[in-house]
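Chains, contacts and geometry: an overview
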Amino acid sequence: MPDITLKQSMEMAGQCCLDWLDPEKNFMPTGGYEVAHDTGRWWDAMLRLEDAAGFVIPEHLEDAMMSNLKTLTDNPDGLLMNNPNVPWLKPMINPHNFREAMIAFNALVRYRNSEWAKKAGHKLLETMDKSFKSDGRFDYTKLESYGKIPHTSDPCHNQPEDTWFDATANSGRSLEGIVWFYEATGDDLAIRLAHRIARHHMKNTVNKDGSTREEIISPENVGHNHSYLGTLRGLLLFGLLTQQWEYVDVVEATYRNGLWKNNISESGWTPHDLGKTRFPNNDGDPVAETASCGDVVQLGLWLALHCGNVELLDDVERLMRSRILPAQIKEDDMKHFGNLDERNQKKRLGAWGVHGDPYGKGSIHDVLAAVLHTTVDVYNSIITRSPFGITINFSLDYSDSLATIESRRDESAEIIIRPKIQDNVMIRIPQWTSEDTISITINGKNYPKLRIGPWLHAPRDEVKPGSEIVIRYNLPERIGTEIMPSGKTYKLKWKGDEVTVISPHESPLCIYNPM
């Protein structure tokens, strides 16, 4: 894993999000997928980062982005879309942005108590509600902007009549933002619309046994991995909110029985496309992107912390160590971008993105913001507290009012915990390590291993503020293979839950060393 803490990674990503704002274009995030889309993502990621880590958003940039969001939603439908009155923007109705609007409005309500965002969110909910048909399709002709603003030509939003259709790229991905907006505002229209959308996708998008619907991965379907995984995130959040466990159960089943076959590899490779390959790399495989890996991280995190599937935290930490942190563009990578001007260089440092090489790096704003959201969620979950005690969920460097964690890895793993309060301390031990290699010392003295399931228990009578708990265990090595859809095979050497070397090593921006 790179010599960088999760907090440092988040701060680099936050600075990169600031550097994407173009001073010559009213500080809009130009040069990415779409300005309107990226504006919604920016608000969601940056306000979460500020809340979690105290990252400072310069006042002039926040003011500019607030003005931009109002400009981009200034239309009769309240849609988040490129405004035709801004000369350098290409106006387009983009149903992808139902989600991006709702997550921006949610963030502004939660972290800025914005009355404007409450009203703007409700206006968009009214538009979605009147356009969402009983069969799950959107009737775009009901939009006041319809016929006046060009509609997206993206085939992801094609909804043919009288046949199955993939709605994950519009209504499905919007569900989590609507749920969050309801939690922040109590807007009853939000929960009613969320219910309608969730029922449709429960019937149309998932199988109860967790297998992936054949239509989703059919070569005839223009599918989008990030939207499909976002739909699962929304179904899970809706089920948890409403205590309708059939939604939770189907997402858990899909996580276990479907995702690791079709959506993600053990190391965290995730294709951009599902079904039809729209954007192939040189080998004919779909290009990769890191946001979908972040989606799987969050699904595993929520299923672990909110549904009792603690063993899934092994997946979360493995994906953070083997993909999320290594795939970020860092200072050492910048020599590969020396031909770019200063602004475009800044847009790379700290970024994640889309890349042709399955184990490469890239930079694009919407992926950057999505992965930043994921890292914040993990960061906020490194240490939690309950009647069980102070729980150390991940062996990642961290410090808060409960404890400090220092993680070291060489031939073996060493985790040093310094509690700041007196309480039981529960340290998660990964399932892949050997039981006979695990040891614990408290204040320099060997202590008996007290195991409670996956947890190693340090009792409160032995732990005081300033105590030092040291956990050690081995990092077993193994060789694994990952096979791309084309059949191309990569050999990876694992040490614990990190990849150390790979063959073939194809890109100067490869996230692993050559074998």
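Heads up: these notes are all about the structure in this document. The structure displayed is predicted, hence computed values, not measured ones.

**Examining the overall build of the protein chain**
Looking only at helices and strands, one finds 14 helices and 21 strands in the protein chain. Its C-alpha radius of gyration of 23 Å places the protein chain within 12% of the 24 Å reference for a compact globule of 515 residues. Looking at the 515 residues of the protein chain, the share that counts as buried comes to 59%. Sequence separation of 24 or more characterises 66% of the internal contacts of the protein chain that already satisfy a separation of 6 or more. Summed over all atoms, the accessible surface of the protein chain reaches about 19900 Å², with 47% contributed by carbon and sulfur. Side-chain charges of the protein chain comprise 56 positive and 72 negative groups, with the mean position of each set lying 1 Å from the other.

**Regarding the nonpolar core**
Core analysis: the largest hydrophobic core is formed by 146 residues, its most contacted members being I469 and I471. Examining the composition of this core, we find that 10 residues originate from one element, helix 2 (residues 35–53), more than from any other. Ignoring sequence-local partners within four residues, the contact set of I471 consists of A413, E414, I415, I417, I427, I429, S439, I440 and L456.

**Overview of the side chain of T433**
Relative to the assigned elements, T433 resides in the loop between strand 12 (425–428) and strand 13 (439–442). If sequence neighbours within four positions are ignored, T433 has contacts with I438, Y473 and N474.

**Comments concerning unusual backbone geometry**
What you tend to see is this: most non-glycine residues have negative phi, and most peptide bonds are trans. The step from S503 to P504 runs through a cis peptide bond, and the omega angle for that step is 0°. In this structure, P504 sits in the loop between strand 20 (498–503) and strand 21 (513–514). Located in the positive-phi region is F27, a residue other than glycine, with phi close to 55°. For F27, the position within the fold is in the loop between strand 1 (21–22) and strand 2 (28–29). Note on F27: relative accessible area 24%, which makes it partly exposed. Despite not being glycine, N113 shows a phi value in the positive range, around 50°.

**Thoughts on helix 12 (residues 313–324)**
Counting buried positions along helix 12 gives 12 out of 12 residues, so the element sits mostly inside the fold. Turning to helix 12, its buried residues number three or more, namely L313, D314, D315, V316, E317, R318, L319, M320, R321, S322, R323 and I324.

**Some points on the side chain of D166**
Counting through the fold element by element, D166 comes out in the loop between helix 5 (115–131) and helix 6 (168–185). The buried charged residue D166 lacks any salt bridge, with R213 as its nearest oppositely charged partner at 9.2 Å. A distance of 2.7 Å separates the side chain of D166 from the side chain of T168, its partner in a polar contact. Dropping the residues within four chain positions of it, D166 is found in contact with C156, I216, N221, V222 and G223.

Cut-off values and rules
- Along each chain, residues carry numbers from 1 onward, in the same order as the chain's sequence is written.
- Local features in this predicted model are restricted to residues whose pLDDT is 70 or higher, and side-chain atom pairs enter the listing and the counts only when it is 80 or higher, whereas totals over whole chains, interfaces and linings include all residues.
- Hydrogens and waters are ignored; side-chain quantities use all the structure's heavy atoms.
- The secondary structure listing takes helices from DSSP runs of H or I that are at least 4 residues long and strands from runs of E that are at least 2 residues long, numbered from the N terminus.
- All radius of gyration figures rest on C-alpha atoms, and the globule criterion is 2.2 Å times the number of residues raised to 0.38.
- Only protein chains enter the accessibility calculation, which uses a 1.4 Å probe; a residue is then buried when its area is under 20% of its type maximum, exposed when over 50%, and partly exposed in between.
- Working rule for contacts: check all heavy atoms of both residues, and any pair within 4.5 Å makes them a contact.
- For accessible areas, the Shrake-Rupley method is used with a probe of radius 1.4 Å. Any residue's cover is judged against the shown protein chains and nothing else.
- Positive charges come from Lys and Arg alone, negative charges from Asp and Glu alone, with His and the N- and C-terminal ends not counted.
- For the purpose of locating charges, the reference atoms are NZ of Lys, CZ of Arg, CG of Asp and CD of Glu.
- Only buried residues count toward a nonpolar core, which is a set of Ala, Val, Leu, Ile, Met, Phe, Trp, Tyr and Cys residues joined through side-chain atoms within 4.5 Å.
- We define a salt bridge as a side-chain nitrogen of Lys or Arg found within 4 Å of a carboxyl oxygen belonging to Asp or Glu.
- Any pair of nitrogen or oxygen atoms within 3.5 Å is treated as a polar contact; in protein, a donor-acceptor pairing is required on top of that, and neighbouring residues in sequence qualify only through side-chain atoms on both sides.

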